[in-house]
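So the chains spell out like this:
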2 protein chains.
Amino acid sequence: MSDGTTAFVPGHVTGFFTVRTHDDPAKAGSRGAGIALSDGVAVDVVQAPAGTERVTLNGDTVDVAAVDFVLDELGVTARVAAETELPLGAGFGVSGALALGTALAASVELDRPHTENELVDTAHRADVEANTGLGDVVGQAHGGLAVRLAPGAPPHGSMDRVLSTSRVEYVTFGERSTESVLAGDTGPIDRAGERALERLLDDPTGETFVAASRQFAEDAGLLTDRLESVLEDVRETGRAASMAMLGETAFAIGDGLSSAGYDTEVCEIDRTGARVSIPFD
Amino acid sequence: MSDGTTAFVPGHVTGFFTVRTHDDPAKAGSRGAGIALSDGVAVDVVQAPAGTERVTLNGDTVDVAAVDFVLDELGVTARVAAETELPLGAGFGVSGALALGTALAASVELDRPHTENELVDTAHRADVEANTGLGDVVGQAHGGLAVRLAPGAPPHGSMDRVLSTSRVEYVTFGERSTESVLAGDTGPIDRAGERALERLLDDPTGETFVAASRQFAEDAGLLTDRLESVLEDVRETGRAASMAMLGETAFAIGDGLSSAGYDTEVCEIDRTGARVSIPFD
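Each chain carries its own residue numbering, running from 1 in the direction its sequence is written. Going through the entries in the order they are written, you letter the chains from A and number the ligands from 1. Only residues with pLDDT of at least 70 are given local features in this predicted model, and only at 80 or more are side-chain atom pairs given and counted; all residues enter the totals for whole chains, interfaces and linings. Heavy atoms from the whole structure form the basis of all side-chain values; hydrogens and water molecules are not counted.

1. Let's talk about the pattern of salt bridges
Once their charged atoms are close, side chains differing in charge can pair, the charge on each being opposite to the other.
Residues and elements named next belong to chain A.
Here is step 1 of the chain: Salt bridge, as applied in this entry: a Lys or Arg side-chain nitrogen positioned within 4 Å of an Asp or Glu carboxyl oxygen. The final tally for this structure, using the stated rule, is 22 salt bridges over all chains.
Here is step 2 of the chain: Measuring nitrogen to oxygen at the nearest pair gives 3.2 Å for the salt bridge that ties Arg 235 to Glu 232. Here Glu 232 and Arg 235 lie together in helix H8 (residues 225-236), a separation of three residues that amounts to about one turn.
Here is step 3 of the chain: Between Asp 255 and Arg 239 there is a salt bridge, with its nearest N and O atoms 2.7 Å apart. Taken as a pair, Asp 255 in the loop between strand E10 (248-253) and helix H9 (256-259) and Arg 239 in the loop between H8 and strand E9 (242-243) lie far apart in primary sequence, 16 residues in all.
Here is step 4 of the chain: Overlapping salt bridges, with partners in common, bring together Glu 73, Asp 121 and Arg 125 in one network. Numbering of helices and strands runs from the N terminus; a helix is a DSSP stretch of H or I covering at least four residues, while a strand is a stretch of E covering at least two.

2. Observations concerning the side chain of A:Thr102
Here is step 1 of the chain: Along the chain, the position of A:Thr102 falls in helix H2 (residues 94-109).
Here is step 2 of the chain: Here a polar contact is taken to be a pair of N or O atoms separated by no more than 3.5 Å, where protein atoms must pair a possible hydrogen donor with a possible acceptor and residues adjacent in sequence count only if both atoms sit in side chains. Reaching out from A:Thr102, the side chain makes a polar contact with the backbone oxygen of A:Leu98 at a distance of 2.7 Å.

3. Concerning helix H6 (residues 187-202) of chain B
Here is step 1 of the chain: Between the first and last C-alpha of H6(B) there are 23 Å, a value that for 16 residues agrees with the 22 Å anticipated at 1.5 Å per step.
Here is step 2 of the chain: Along H6(B), the residues classified as buried are B:Gly187, B:Ile189, B:Ala192, B:Gly193, B:Ala196, B:Leu197 and B:Leu200. One less than the residue count of a helix, multiplied by 1.5 Å, gives the span that helix is expected to have. Residue burial is assigned from relative accessible area. The probe radius is 1.4 Å, only protein chains are included, and a residue is buried under 20% of its type maximum, exposed over 50%, and partly exposed in between.

4. Structural notes on the relation of the copies chain A and chain B
Here is step 1 of the chain: Between chain A and chain B, the superposition needs a rotation of 180° and an axial shift of 0.0 Å, giving an RMSD of 0.0 Å. The symmetry that links the two subunits is that of a two-fold axis. Nearest to the rotation axis, the C-alpha of A:Thr272 is located 2.1 Å from it, this being the minimum over chain A. Least-squares superposition aligns the copies on the C-alpha atoms of those residues with pLDDT at or above 70 in both.

5. Some remarks on the packing of H6(B) against helix H7 (residues 206-219) of chain B
Residue and element names in this part refer to chain B.
Here is step 1 of the chain: Put simply, H6 and H7 touch, their axes get as near as 9 Å, and they point 165° apart. As judged from the angle between their axes, H6 and H7 are roughly antiparallel. You can see that H6 and H7 cross each other, and the crossing is right-handed. Note on element contacts: H7 touches H6 through Thr 208, Phe 209, Ala 211, Ala 212, Gln 215, Phe 216 and Asp 219, opposite Ile 189, Ala 192, Gly 193, Arg 195, Ala 196, Arg 199 and Leu 200. Throughout, an axis means a line fitted to C-alpha atoms (over the contacting stretch in the case of helices), and angles, computed between N-to-C directions, take values from 0 to 180 degrees. Oblique is the label for any angle not under 35 degrees, not over 145, and not in the 65 to 115 range, which are roughly parallel, roughly antiparallel and roughly perpendicular in turn. The hand of a helix crossing depends on one turn: near helix anticlockwise from the far one by less than a right angle means left-handed, and clockwise means right-handed. Two residues qualify as a contact provided that any one of their heavy atoms is within 4.5 Å of a heavy atom in the partner residue.

Keep in mind these numbers describe shape, not what the thing actually does.
Structure below.
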């Protein structure tokens, strides 16, 4: 790839969240917290005549509504080629990453100058409209262990960050639909999410983030039997893990999952956030 | 060094700014834009009994009011050892970097958990109260070609970012006092700064940032004869450079200064912003 401009967007695992629906997708979103990962999505964009647009992910042609939304909004036609080592449909925000990476790379490659906030706004609205995410894009843009204090894209949304050790482990057991969970009654999610956020802001550490996420998964009724058993295995080692929202995925900061004998992927917290490299000629 | 916890804070060169004074130092600050640099300040903090505190910069004991403010606010006593390759008093925000690096490293090393916004707020107020900076700390925390849309520390201040090539050159000819400039009539500065910000937001690119900064330096009456002559040399090569606010320093994005024959330092735009590394035991 890379005959055009390439952006990198970290994967993003939400630990806990609340849901805010709003007619204006820029104001819709979620409060909560998640971690941006050094495992992410590289998105390459190159101009293409109308009628020859194509979006590929790891070489396969895919139909991603959020990417189409972004290209429409920027008023460009392009080929988008994305590569990722992240599992799909497993709670890593890949759709948000595709939208945000497309926005950043297309802005540069097709000479449509926008500030980063404007591009994050576009990608956030794309993800919300496509029903694929509520907070991944802003977390991916911010980087780190990112806290969503107020929902939505900039300037509506408001972000903070928790300082943490950077080793992350994760293991995925299958796919799960974000849309179906959000279509149900979100009352229990919202109440559990608010409690988790309060707990984290009261003691802003990586350990408390994982513990509050674990409690949230249980209180919100989102824990599957399989994940419950995994998290219990980790707890027996004296460590902690929780569940990626929303996917059949367990994650830990540190070595909780490997200590419990799981064969995990290992990466780092990505502190930088989504970025696009612009070569100096 | 590094017997404690070490934070890295990028240097920060402001290109243009406006001044906002306020009784509450968290709300005082500036609008404007600047670049965070990969040349920066490493700040190591280790606990020390009261009476044995010491702040060193490149091995020399120094008295930095903003650092004392931060340690007081966190309620800790510590030794702070900072190292930097940046010139002092030349417009690189070293005092802001010392304050922010101390806040980040002390929070971790002395187990005083705070969110990043809280630590940025503390360091910003420290820099403002010490009369050493109005916008360096928030630019250093944000990283990149950072735009200060609204003045002050979070949650009052508001930031954005311009996408840019990352090569930066700079050359310093001497020291200059920020405090003396800000003590004068800031009317011309504010008017020129608002014009520059409007121009940049209208065309958010690295080239426009440097051009708007160049115009600002002239309109605000801050350009010395020496810097005017340097910037003119660069202009004759068909490239652009401007002046670091506030220092006897010229900077360019790209190779404007070296093309004009100047012997420059070369670094990158630091997109990540200030960070502290927390080892995983």
